[in-house]
Amino acid sequence: MKNDILLKIAGKSILKNKMRTLLTMLGVIIGVGAVSVLAAVGTGAKSQIEEQIQNLGTNLIVITAGSTSQGGVSQGAQSFNRLSLEDVEALEGQSFLLAGVSPIISSRAQMVGGSGNWVTSAEGVDVDYTVIRDWPLASGAFFQQEDLRSNGKVVVLGSTVAEALFPYEDPVGQQIRVRDVPFSIIGVLAPKGQTASGRDLDDVILVPYTTAQTRLSGRQFIPQILASTYTPEDIPAAQEEIRAILRDAHGLARNESDDFEVRNQSELTDTASETARIMTLLLSAIAGISLLVGGIGIMNIMLVSVTERTREIGLRLALGARGADVLTQFLVEAVVMSLAGGVVGVALGFTGSEIVKAVTGWNTMISPQIVLLALGFAGGVGVFFGFYPARRAAALDPIEALRYE
Amino acid sequence: MNTQNTPLIIQARNLTRVYRMGSTEVRALRGVDLTVDSGEMIAIMGASGSGKSTLMNILGCLDRPTSGTYTLDGARVDTLSKNELADVRNQKLGFVFQGFNLLPRTTALENVELPLLYDRTGRKMDTREMAARALERVGLGNRMDHEPSEMSGGQQQRVAIARALVTEPAVILADEPTGNLDSQTSLEIMSLFQKLNREGTTVLLVTHEPDIAEYAQRIVELRDGVVIRDEPVLAPRWAEEDAAEYHEPEMAGVR
């Protein structure tokens with residue numbers, strides 16, 4: 001039989017019982033709809049997390065002081081800090097793959113100036129810092145090598161701090177006191193937003209690390225070194241390079257383990273991907289259950305339909321339809337019904353995700369892959385659950401079927 | 001009986017059919033011989049349980065005989081597979097049922113078109129055109145877009161006859177075609193069968209009504225699974241003449 005005729009027959013029989021068809025499709029509609037909404041929200045959440053991680057800086061490598069073990073007993077992370085300015089210099093001097101290296105010496109600091117006072121994290125960093133973090137300035141300028149050498153009392157404000165202390169004027173050129181030490185403000189950073197965990201990245205001030213060591217923290221060791229590569233592809237090689245340089249600088253023997261840790265952004269991204277994976281798994285479970293229920297509904301109605309139309313089947317067989325023709329007819333009917341349910345479900349999911357977007361402001365999106373997957377599954381459900389009733393129809397004996405009352 | 005140079009359409013030899021119901025055997029046919037020439041109109045009669053329905057099912061290729069041979073239009077069909085039988089039904093047989101068996105909510109034209117959709121030879125392309133011509137032959141050229149619910153019983157049966165005709169089958173098998181109709185409409189239907197038969201269609205009629213059987217040229221009667229009578233009707237009646245007594249306007253459609 002010709003395909004368009006099969007579709008026409010299926011469409012006619014589906015439309016004959018509109019209410020029943022609608023109720024039957026409801027299972028698939030709700031299943032596909034719920035899955036599309038959740039998938040859209042999940043995709044939105046995932047892209048948001050990825051964006052936030054990108055905010056930390058591109059191609060970023062984080063070196064922290066590691067654990068040491070004494071007599072086989074691990075002392076835990078940063079138990080024995082061996083990162084030093086010499087390490088920073090070694091990295092700067094020996095590395096080929098790193099675009100920038102900066103120590104991070106952070107401390108909490110009270111500051112007074114402008115319209116009031118504020119407590120924030122004061123970070124002592126190198127001149128490369130803005131490059132490493134991919135963090136442009138909103139106004140003013142960043143400090144120079146000259147400021148590092150002279151332990152210059154210059155500061156660059158994060159946008160939150162700038163907002164808090166100088167809401168109505170440009171802070172550049174003003175003076176503030178940090179821990180009672182007067183600093184001149186030479187620049188303001190562009191806003192960067194929040195981390196995935198909700199910490200405000202802009203609630204920070206940056207000073208030369210030499211200044212931080214001498215005037216703010218007073219400590220000589222360096223808890224953390226940030227570095228960045230030119231391209232993301234360089235990251236694994238750069239990590240190996242860093243390890244080699246630092247092991248050499250620390251004079252570690254072959255059998256000694258690293259006394260530092262080198263991590264990169266992709267490891268943070270992995271955490272986000274893991275979250276997304278669990279979410280996907282959960283969604284698949286919901287999708288599976290709802291499609292199973294929808295499929296059983298379709299099978300049930302198809303069985304009723306086969307019984308109701310026994311005489312019609314008998315007639316078709318008498319007129320020369322082969323079993324395969326009847327099988328195809330009922331299978332097409334089931335698939336058309338479940339696919340139609342899938343289409344309505346996707347439309348419903350689209351509406352739902354727009355509502356979620358409007359209410360929560362999340363960047364929800366229904367990707368073409370989700371639509372294809374949803375429709376594919378809906379069609380699959382039609383074939384799977386339509387096959388048994390269709391086979392029953394095809395196996396009917398024409399004489400019995402014609403005689404059926 | 002026709003002369004010997006007329007081709008045989010149906011040649012059945014010693015047909016038996018045994019149904020097994022658990023441990024008991026029901027012998028519905030006990031050796032039936034039947035030959036039908038092209039262009040004949042035959043009535044098969046018998047009380048219920050005589051085996052006429054079983055014979056009809058076998059002749060209609062809906063069932064296979066337990067033993068015996070059946071040659072339809074020059075080809076053995078008693079040994080064919082299910083799918084081959086379906087193709088034989090589609091190509092060589094036309095069915096008319098007591099209950100019309102039209103698809104509801106489907107126009108007359110689409111109902112008549114139905115058997116052409118199952119055609120596998122690929123020769124029947126202009127299915128619409130063929131269906132329309134068949135409907136014109138049964139006098140329903142002006143009712144093509146009507147659905148069964150909009151037609152009288154007689155009209156519905158004529159649609160069913162058009163559906164049987166449309167594939168130009170070797171034989172039309174009509175199983176109690178007037179069983180659900182009043183006597184006047186029955187005459188119209190029999191008149192239509194006689195007209196088609198005059199035009200060359202071979203008609204095999206199953207009925208238990210003797211006055212309907214008299215419109216055939218030959219009557220075959222079964223009892224207990226065997227043929228007890230096979231003789232020509234000496235004075236065949238013309239349904240058209242009998243119907244004329246009713247003077248009903250609906251006859252205008254059938255000529």
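Computed from a prediction, not measured in an experiment: that's the story for all the values here.

### Regarding the overall build of chain A
Within chain A one finds 13 helices and twelve strands. Evaluated residue by residue, chain A yields a buried proportion of 40% over its 405 residues.

### Looking at the overall build of chain B
Along chain B, the regular secondary structure elements total eight helices and ten strands. Taking all contacts inside chain B whose residues are at least 6 apart in sequence as the whole, residues at least 24 apart take part in 69%.

### Quick word on the environment of Ser217(A)
Residue and element names in this part refer to chain A. Relative to the helices and strands, serine 217 is located in helix H7 (residues 209-217). In this structure the C-alpha to C-alpha distance between serine 217 and arginine 108, which are 109 residues apart in sequence, comes to 8.8 Å. Beyond its immediate sequence surroundings of up to four residues, serine 217 is in contact with Ile105, Ser107 and Ala212.

### Remarks on the sheet that holds strand S1 (residues 8-21) of chain B
Residue and element names in this part refer to chain B. Pairing is antiparallel across the open sheet formed by four strands, whose spatial order is S2-S1-S4-S5. The sheet is open, and its two edges are formed by strand S2 (24-37) and strand S5 (75-76), each paired on a single side. One ladder, built from two bridges, connects strand S4 (residues 67-72) with S5; its direction is antiparallel. For threonine 71, the partnering residue across the bridge sits in S5 and is arginine 76.

### Thoughts on the sheet that holds strand S7 (residues 171-175) of chain B
Within a beta sheet, neighbouring strands are joined by backbone hydrogen bonds and run either parallel or antiparallel to one another. Residues and elements named next belong to chain B. Taken in spatial order, the six strands line up as S6-S7-S8-S3-S9-S10 in an open sheet, and their pairing is mixed. Two strands bound the open sheet, and with one partner strand each, they are strand S6 (93-96) and strand S10 (226-232). With strand direction ignored, the average angle separating the axes of adjacent strands in the sheet is 20°. Across four bridges, S6 lies against S7 in parallel orientation. Bridge pairing in S7 links leucine 93 to valine 171.

### Points about the pairing of strand S4 (residues 98-113) of chain A
Residue and element names in this part refer to chain A. Strand direction decides the pairing type here: S4 and strand S11 (residues 224-229), joined by six bridges, are antiparallel. Bridging from a neighbouring strand, serine 102 pairs with leucine 226 of S11. Pairing analysis gives nine bridges linking S4 to strand S5 (residues 116-125), with the strands arranged antiparallel. For glutamine 110, the partnering residue across the bridge sits in S5 and is valine 119. Connecting S4 to the antiparallel partner S5 that follows it, the hairpin turn spans two residues, and glycine 114 within it adopts a positive phi of roughly 60°. Two strands pair when backbone bridges link them, and S4 and strand S8 (residues 175-178) are joined in this way by three bridges, in the antiparallel orientation. In the sheet register, glycine 113 faces S8, and the bridge partner there is isoleucine 176.

### Quick notes on the interface of chain B and chain A
Facing the 18 residues of chain B at the interface are 17 residues of chain A. Across the side of chain B that touches chain A, the residue classes tally to nine nonpolar, four polar and five charged.

### Remarks on helix H6 (residues 183-198) of chain B
Given 3.6 residues to a turn, an α-helix orients residues that are three or four positions apart in the same direction. All names here are of chain B. Compared with the 22 Å implied by 1.5 Å per residue over 16 residues, the 22 Å span of H6 between its first and last C-alpha is a close match. Taken together, the buried positions of H6 are occupied by Thr185, Ser186, Leu187, Glu188, Ile189, Met190, Ser191, Leu192, Phe193, Gln194 and Leu196. In this fold, the buried residues of H6 make contact with strand S3 (41-45), helix H5 (153-165), S7, strand S8 (202-206), helix H7 (210-213) and helix H8 (239-244). Directly after H6, the chain includes glycine 200, whose backbone phi takes a positive value near 115°.

### Section: the packing of H5(B) against H6(B)
If you want to describe how two helices pack, look at the angle between their axes and the distance between the axes. Residues and elements named next belong to chain B. In the contact formed by H5 and H6, the axes pass within 9 Å of each other and the chain directions differ by 20°. What the angle tells us is that H5 and H6 run roughly parallel. Classified by chirality, the crossing of H6 by H5 is right-handed. Facing H5, whose interface residues are Gly153, Gly154, Gln157, Arg158, Ile161 and Leu165, H6 presents Thr185, Glu188, Ile189, Leu192 and Leu196. Within the contact of H5 with H6, the residues separate by chemical class into five nonpolar, four polar and two charged.

### What about the confidence of the model for chain B?
Looking at chain B as a whole, the pLDDT averages 89, with 93% of positions reaching at least 70. Scored by ipTM, the complex comes to 0.91, with pTM at 0.69.

### Here's the deal with the nonpolar core
Of all hydrophobic cores here, the largest spans 125 residues; its most connected members are Ile44(B), Leu135(B), Ala162(B), Leu204(B) and Leu205(B). Ignoring any residue separated from it by four or fewer positions in sequence, one finds Ala162(B) in contact with Val112(B), Ala134(B), Leu135(B), Arg137(B), Val138(B) and Leu140(B). Among the nonpolar cores identified, the runner-up in size contains 51 residues, and Val88(A), Tyr129(A), Ile205(A) and Tyr209(A) belong to it.

### Comments concerning unusual backbone geometry
Phi at Asp180(A) takes a positive value of approximately 70°, unusual for a residue other than glycine. Mapping Asp180(A) onto the fold places it in the loop between S8 and strand S9 (181-189). For Asp180(A), a count of 9 C-beta atoms within 10 Å puts it in the exposed group. The backbone of Asn14(B) shows a phi angle near 55°, a positive value even though the residue is not glycine. Look at Asn14(B) and you get partly exposed, because 13 C-beta atoms sit within 10 Å.

### Notes on the environment of Ala164(B)
Residue and element names in this part refer to chain B. Counting through the fold element by element, alanine 164 comes out in helix H5. For the pair alanine 164 and asparagine 90, spaced 74 residues apart in sequence, the C-alpha to C-alpha distance is 9.6 Å. Not counting residues up to four positions away in its chain, the partners in contact with alanine 164 are Gly94, Phe95, Val96, Pro169 and Ile172.

Definitions and limits used
Residues numbered from 1 in each chain as written. Chains lettered and ligands numbered in written order. Predicted model: local features only at pLDDT ≥ 70, side-chain atom pairs only at ≥ 80, totals over all residues. Helix = DSSP H or I, 4+ residues; strand = E, 2+ residues; numbered from the N terminus. Buried ≥ 20, exposed ≤ 12 C-beta atoms within 10 Å, placed from the backbone. Contact = placed C-beta atoms within 7 Å. Pairing = 2+ DSSP bridges. Axes fitted to C-alpha atoms, helices over the stretch in contact; angles between N-to-C directions. Nonpolar A, V, L, I, M, F, W, Y, C, P; charged D, E, K, R; others polar. Expected span 1.5 Å × (residues − 1). Parallel < 35°, antiparallel > 145°, perpendicular 65-115°, else oblique. Left-handed = near helix turned anticlockwise from the far one by under 90°. pLDDT = per-residue confidence, 0-100. Core = buried A, V, L, I, M, F, W, Y, C linked by C-beta atoms within 7 Å.

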